[in-house]
Each structure stands twice: as C-alpha cells, then as structure tokens.
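Here is what each chain is made of, one letter per residue.
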Amino acid sequence: MNGLDDWLRQAAQHLAKDSAALVRGEIQEHYESAREAAMADGSSAEEAGNIALNSLGDAKTANCQYRRVLLTSVEARMLREGKLEARAVCSRPWLRWLLVAAPVALIEAASVFYFRGNAGLSRDLLLAGMGMSPWFAALLLPINTPLRGRIFRYTKWVLMTAAVVLLFGPDALKWSWLLISCLWPLAWTEWTRASIRRKLPVSAWPRHLYL
Amino acid sequence: MNFKGTLPTLILEALVQEPGHGYRIAQKIKERSQGVLDFKEGTLYPALHKLENEGMVESYESVENGRARRYYRITRSGRGMLAKDRAEWRQLSRAVTSILGEA
C-alpha cells in the first residue's frame, strides 16, 4: 500500500480536509477494484497492486485537476472566515449600522468641507466614500441570486476604479505601485471567490460568496 | 490514444444506459473503444466532479458486494449536453473525413 499512500499524498496536496478525504476514499475504492480485477486475471498480489497503481497515472496531474474542481485548503479557509465575519456583523445590528454609516459620514463630511470652501478635501472625501460604499451597501442590499451578485460585483469594481482614477487623476500611473499593493489583496480575494463559486453549487453558496 | 477534452462526453455516454461507479465507467470506456482510447484513471474522478458541479451527473452512495461505493447517474441536463456533443462530433467527424478522404 506504500505506493498508493504516496500517490494519494501527492494527489491530495493543498486540498481542503473534506476534499482530501473524498479523493482518498474514491481512489482507494478504485485501486481495490482494479487490483481485484488484475488478480482475477491471474496476476500475483504484488503485480496486481502495480497494475492498479499504474492505471491511476501521474499523481501530480491528478492533483492539478482535483484542485480545479474541489476546494483547496486556502479556499476552505476563506469560506470559513467569510462565514465567521458575516455572522459577526449580522449578529450585531449596531455594527452593521456603524459600517453602513461610515461612507455616509464621509459623504456628509465632504459636503461640509465643500460649503466651507475646501473643495480639494471635499472631493477626496467624496471619492473615498464612493469607493467604500459598495462594501458597506452590500450589507443592506438583497443580493441573493447569481445575477444580482454579478451585477453587484461589476458595479463595485467600476465604482472603485472610478474613485481611484478620479482621486489620483493624471498621477495614477505615478502612484501605481501603491495602488497595485493596496488593490492586490482585493483582487486576490475576488479571484479566490470566483474559484469557489465555480466549485460549489449555487444552493451551497453562503451570502458573502455573492458579493 | 487520448483525445483531450472528450473525457466528459465519454463519461456521459457511459452513464446513458445505467448508473455506474468510477471503476465501471473507466472499464466501459476502455472496452467500448477496444482499448484505443486510453486515459489515466486518476483523472476520471476530477472530470466526474466537474460534471457533478455543472449538474450534468449526480452521485449517490450504494453498497456493492458489501462495499460502499459512490455511484453516478446522468441528469436531464447531462443528456441534453450529450446530445449536443454527439451532434458536434458527427459534424466534425464528417468534415475531417471529407478532407482526409475515406480509406
């Protein structure tokens, strides 16, 4: 069984615990069937084990393909932490309203500074509020279908990009190093969520996966 | 011979008549192609999971010879996809045959 154990270890690398258990179960089952068939054809136990193992192919290739369809440990952690964050916010109504109030407060402050004659600061606050608003508005919007989720995500990125472009103006290129390092975690989260959405049926999506 | 990208279609075809577990599906494909189509069986399951994620097949647990096994059966969407793939394959095959000429 050593060869099979090595194969399974490689094939289940970086997969979430549940996914790895699924892989081990189905491959072991397959291996046993192939081994029994080879023994029925007259092979010795050792030969049959080798035939069954060879028929599985390369473990790294299988791992690569498994990672495209089953949750990886990183994705499972993101899913778990997203659920915890959502629960933390939803179970504390004051926190929810505080988060919603943040961009509203920025936009209000922008109007105050505008009327006091500080147009530059007012514009910056307005754009910061605009960039933040999709994140907090999501708490109140009924985003519970894939189509609504898609529309929300497009709007979110358009608003954020518009806020960044307007905020930095012609200096956007000069500050690109800062923008890339700030937006990289957001882009990475978006990419990982898209990957999770592909792997889970819609019925199993938690709310934060729509956003 | 390994035709890249045809494995999902071959799996659906193998499940048209009756549900089956992974090993049986692999054997069916190899037998029906008379050993011409060879694929590594470790890549069969990721393809099965992908089809399941897309709603083309569904799985259930069943016991065979005292051993619990995961069986797969084709869904209505899976049959629709298979019909579409068959039509595309016939068209492609006719086109290639008309270029290369029939032996």
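Residues numbered from 1 in each chain as written. Chains lettered and ligands numbered in written order. Predicted model: local features only at pLDDT ≥ 70, side-chain atom pairs only at ≥ 80, totals over all residues. Heavy atoms only, no water.

Section: the overall build of chain A
The helix and strand inventory of chain A stands at 9 helices and 0 strands. Counted from the first residue to the last, chain A has its helices and strands arranged as α-α-α-α-α-α-α-α-α. In summary, chain A has a C-alpha radius of gyration of 25 Å against a globular reference of 17 Å for 211 residues, an excess of more than 25%. The principal-axis extent of the C-alpha atoms belonging to chain A is close to 90 × 40 × 25 Å. Of all 211 residues assigned to chain A, the portion counted as buried reaches 35%. Once local pairs closer than 6 in sequence are excluded, the contacts in chain A between residues at least 24 apart make up 66%. In the structure as shown, chain A presents an accessible area of about 12,600 Å², 64% of it carried by carbon and sulfur atoms. (Helix = DSSP H or I, 4+ residues; strand = E, 2+ residues; numbered from the N terminus. Rg over C-alpha atoms; globule rule 2.2 N^0.38 Å. Buried < 20%, exposed > 50% of the residue type's maximum accessible area, 1.4 Å probe, protein only. Contact = heavy atoms within 4.5 Å. Areas by Shrake-Rupley, 256 points an atom, 1.4 Å probe, with all protein chains shown as cover.)

Let's talk about helix 2 (residues 22-32) of chain B
Every buried residue belonging to helix 2 of chain B is among G22(B), Y23(B), I25(B), A26(B), K28(B), I29(B) and K30(B), and all of these are buried. Buried residues along helix 2 of chain B sit against helix 2 (17-40) of chain A together with helix 1 (7-14), strand 1 (20-21), helix 3 (44-53) and strand 3 (67-74) of chain B. Count one or two residues on from helix 2 of chain B and you reach Q34(B), which has phi positive near 50°.

A short note on helix 7 (residues 119-137) of chain A
Residue and element names in this part refer to chain A. Relative to the 27 Å expected for 19 residues at 1.5 Å per residue, helix 7 spans 26 Å between its end C-alpha atoms, a close match to the ideal helical length. Buried within helix 7 are the following residues: S122, L125, L127, G129, G131, S133, P134 and F136. As for helix 7, its buried residues are in contact with helix 6 (93-115) and helix 8 (146-168). (Expected span 1.5 Å × (residues − 1).)

Some details on the environment of W184(A)
Residue position: W184(A) is located in helix 9 (residues 176-199). Here W184(A) falls in the exposed class, since its relative accessible area comes to 56%.

Points about the confidence of the model for chain A
For chain A, mean pLDDT is 85; residues scoring 70 or higher make up 98% of the total. Element-level mean pLDDT values for chain A span from 80 in helix 7 of chain A up to 93 in helix 4 (residues 59-69) of chain A. (pLDDT = per-residue confidence, 0-100.)

Details of the nonpolar core
W7(A), I27(A), Y66(A), I11(B), I25(B) and L44(B) are the most contacted members of the largest nonpolar core, which has 39 residues in total. When residues of this core are traced back to their parent elements, those giving at least two are helix 1 (2-11), helix 2, helix 3 (45-56) and helix 4 of chain A together with helix 1, helix 2, helix 3 and strand 3 of chain B. Not counting residues within four places of it along the chain, the set of residues in contact with I11(B) comprises I25(B), I29(B), L44(B), A47(B), L48(B) and L51(B). The next biggest cluster of nonpolar side chains, apart from the first, holds 14 residues, and it includes A16(A), L71(A), Y210(A) and L211(A). (Core = buried A, V, L, I, M, F, W, Y, C linked by side-chain atoms within 4.5 Å.)

Observations regarding the pairing of strand 3 of chain B
Residue and element names in this part refer to chain B. With 2 bridges connecting them, strand 1 and strand 3 associate as antiparallel partners. From the neighbouring strand, H21 faces strand 3, where its bridge partner is Y71. A loop of 2 residues connects strand 2 (residues 57-64) with strand 3, the two strands running antiparallel in sequence, and N65 in this loop sits at a positive phi of about 50°. (Pairing = 2+ DSSP bridges.)

Brief notes about the packing of helix 1 of chain A against helix 2 of chain A
Residue and element names in this part refer to chain A. One can describe the packing of helix 1 onto helix 2 by two numbers: an axis separation of 10 Å at closest approach and a directional angle of 145°. At the point where helix 1 passes helix 2, the crossing takes the right-handed sense. Across the interface between the two elements, L4, W7, L8 and A11 from helix 1 touch V23, R24, I27, Q28 and Y31 from helix 2. In the contact of helix 1 with helix 2, the residues fall into 7 nonpolar, 1 polar and 1 charged. (Axes fitted to C-alpha atoms, helices over the stretch in contact; angles between N-to-C directions. Left-handed = near helix turned anticlockwise from the far one by under 90°. Nonpolar A, V, L, I, M, F, W, Y, C, P; charged D, E, K, R; others polar.)

Observations regarding the pattern of salt bridges
Applying the stated criterion across every chain yields a total of 15 salt bridges over all chains. Notably, a salt bridge pairs E32(A) with R35(A), separated by 3.7 Å at the nearest N-O pair. Taken together, the residues span about one helical turn, with E32(A) and R35(A) both in helix 2 at a distance of 3 residues. Given the relative accessible area of 22%, E32(A) is considered partly exposed. In this structure, E54(B) engages K50(B) in a salt bridge whose closest nitrogen and oxygen atoms are separated by 3.0 Å. For E54(B), a relative accessible area of 39% gives the class partly exposed. Through salt bridges with shared partners, a single network forms among E13(B), R32(B) and R86(B). (Salt bridge = Lys/Arg side-chain N within 4 Å of Asp/Glu carboxyl O.)

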